[in-house]
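In case you want the letters, here they are:
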Amino acid sequence: MNSPPSSTPVSTGSCQCGDIRFELPTEPFASVICHCNNCQKSGGSAFASNLFFRQSQVKVLDPKDRIKWYEDNTTTSKRPILRGFCTTCGSKLFGRPTPPPHHTSLVNDPFFLVSSGAVDDIHLKTGKWLPTMEGFCDPWKRTWLPKKLDGIESFAKPFKIKAKF
Ligand SMILES: [Zn+2]
Ligand SMILES: [Zn+2]
């Protein structure tokens, strides 16, 4: 299933200043909106839009060593997450949830979240990697957002990520 990171990437992306770049050699296995308060604060926006990969599927290019990982220990799901951002421009790029210890496949190759806004060509009107799930709607989803979004399954509380790609 996984192409090696050295193959031609399906997509590329970067932080705003370009010091950190990344290559995505495969499709994400899920595209998820998170309304939790920590995602709102870390991204400075109303919600987070994350693409889910495995760690081995994302090639991070950071020649100037600009990435810093903030350890978020106050998540609603109670699973700590490392949030990776660029120390030059502040763009929030990645998330690495700490896997539960019993789940060996995740220990060896954990989830690796990529902020969809950092992907180079995702703005194109091709319907690329549209979100299929949204979580932590209660109580944080903004009241001005549509209650029901086309093709998106809504969850009030923690939820299990379903692979759609
Ligand atoms: Zn940057
Ligand atoms: Zn969140």
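In every chain, residue numbers begin from 1 and rise along the written sequence. As a convention, the first chain written is A and the first ligand written is 1, with the rest following in written order. Totals for whole chains, interfaces and linings use every residue, but because this is a predicted model, local features are given only for residues with pLDDT of at least 70 and side-chain atom pairs only at 80 or more, for both listing and counting.

Participant: Can you help me understand the overall build of the protein in this one?
Facilitator: Secondary structure counts use DSSP, requiring at least four H or I residues in a row for a helix and at least two E residues in a row for a strand, with both numbered from the N terminus. Along its length, the protein carries three helices and 11 strands. Counting every position in the protein, which comprises 165 residues, the buried fraction comes to 28%. Throughout, a residue-residue contact means that the two C-beta atoms, derived from backbone geometry, are no farther apart than 7 Å. Long-range pairs, those at least 24 residues apart, make up 53% of the contacts in the protein with a sequence separation of at least 6. Put plainly, a residue is buried at 20 or more neighbouring C-beta atoms within 10 Å of its own, exposed at 12 or fewer, and partly exposed in between, counting only other residues' C-beta atoms, which are placed from the backbone.

Participant: Looking at this model, I keep getting lost on the sheet that holds strand S1 (residues 11-14). Mind explaining?
Facilitator: The pairing of strands in a sheet comes from backbone hydrogen bonds and takes either a parallel or an antiparallel form. In this description, strands pair whenever DSSP reports at least two bridges between them. Spatially, three strands are ordered S1-S2-S5 in an open sheet, and the strand pairing comes out antiparallel. Only two strands of the sheet have a single partner each, and these edge strands are S1 and strand S5 (59-61). When the angles between neighbouring strand axes are averaged without regard to direction, this sheet yields 20°. Here three bridges tie strand S2 (residues 21-24) to S5, and the two strands are oriented antiparallel to one another. Its bridge partner lying in S5, Phe-22 is registered against Val-60. An axis is simply a line fitted to the C-alpha atoms; with a helix, the fit covers only the stretch in contact. Between two such axes, the angle follows the N-to-C directions and lies from 0 to 180 degrees.

Participant: Would you explain the nonpolar core in this entry?
Facilitator: Within soluble globular proteins, side chains that are nonpolar tend to cluster in buried spots. In this usage, the nonpolar core is the set of buried Ala, Val, Leu, Ile, Met, Phe, Trp, Tyr and Cys residues whose C-beta atoms join them within 7 Å. In terms of nonpolar packing, the biggest core is built from 27 residues, with Cys-34, Phe-53, Leu-93 and Val-114 touching the most fellow members. The set of elements that each furnish at least two residues to this core consists of S2, strand S3 (30-34), strand S4 (48-54), strand S7 (81-86), strand S8 (92-97) and strand S9 (111-115). The contacts of Phe-53, once residues within four sequence positions are left out, are Leu-24, Pro-28, Phe-29, Val-58, Phe-112 and Val-114.

Participant: Would you take a moment to explain the sheet that holds S9 for this structure?
Facilitator: The sheet built from eight strands is open, its strands ordered S6-S7-S8-S9-S4-S3-S10-S11 with mixed pairing. The open sheet has two free edges, formed respectively by strand S6 (67-72) and strand S11 (153-154), since each of these has just one partner strand. The pairing of S7 with S8 spans five bridges and is antiparallel. Bridging from a neighbouring strand, Ile-81 pairs with Pro-97 of S8.

Participant: How should the confidence of the model for the protein be read in this particular structure?
Facilitator: In low-pLDDT regions, the fine details of the predicted coordinates are not to be read closely. Taken over all residues, the pLDDT of the protein has a mean of 87, while the share at 70 or more is 87%. Across the protein, the secondary-structure element scoring lowest on mean pLDDT is helix H2 (residues 104-108), at 64, and the one scoring highest is S5, at 97. For every residue, the pLDDT score states the predictor's confidence, bounded by 0 at the bottom and 100 at the top.

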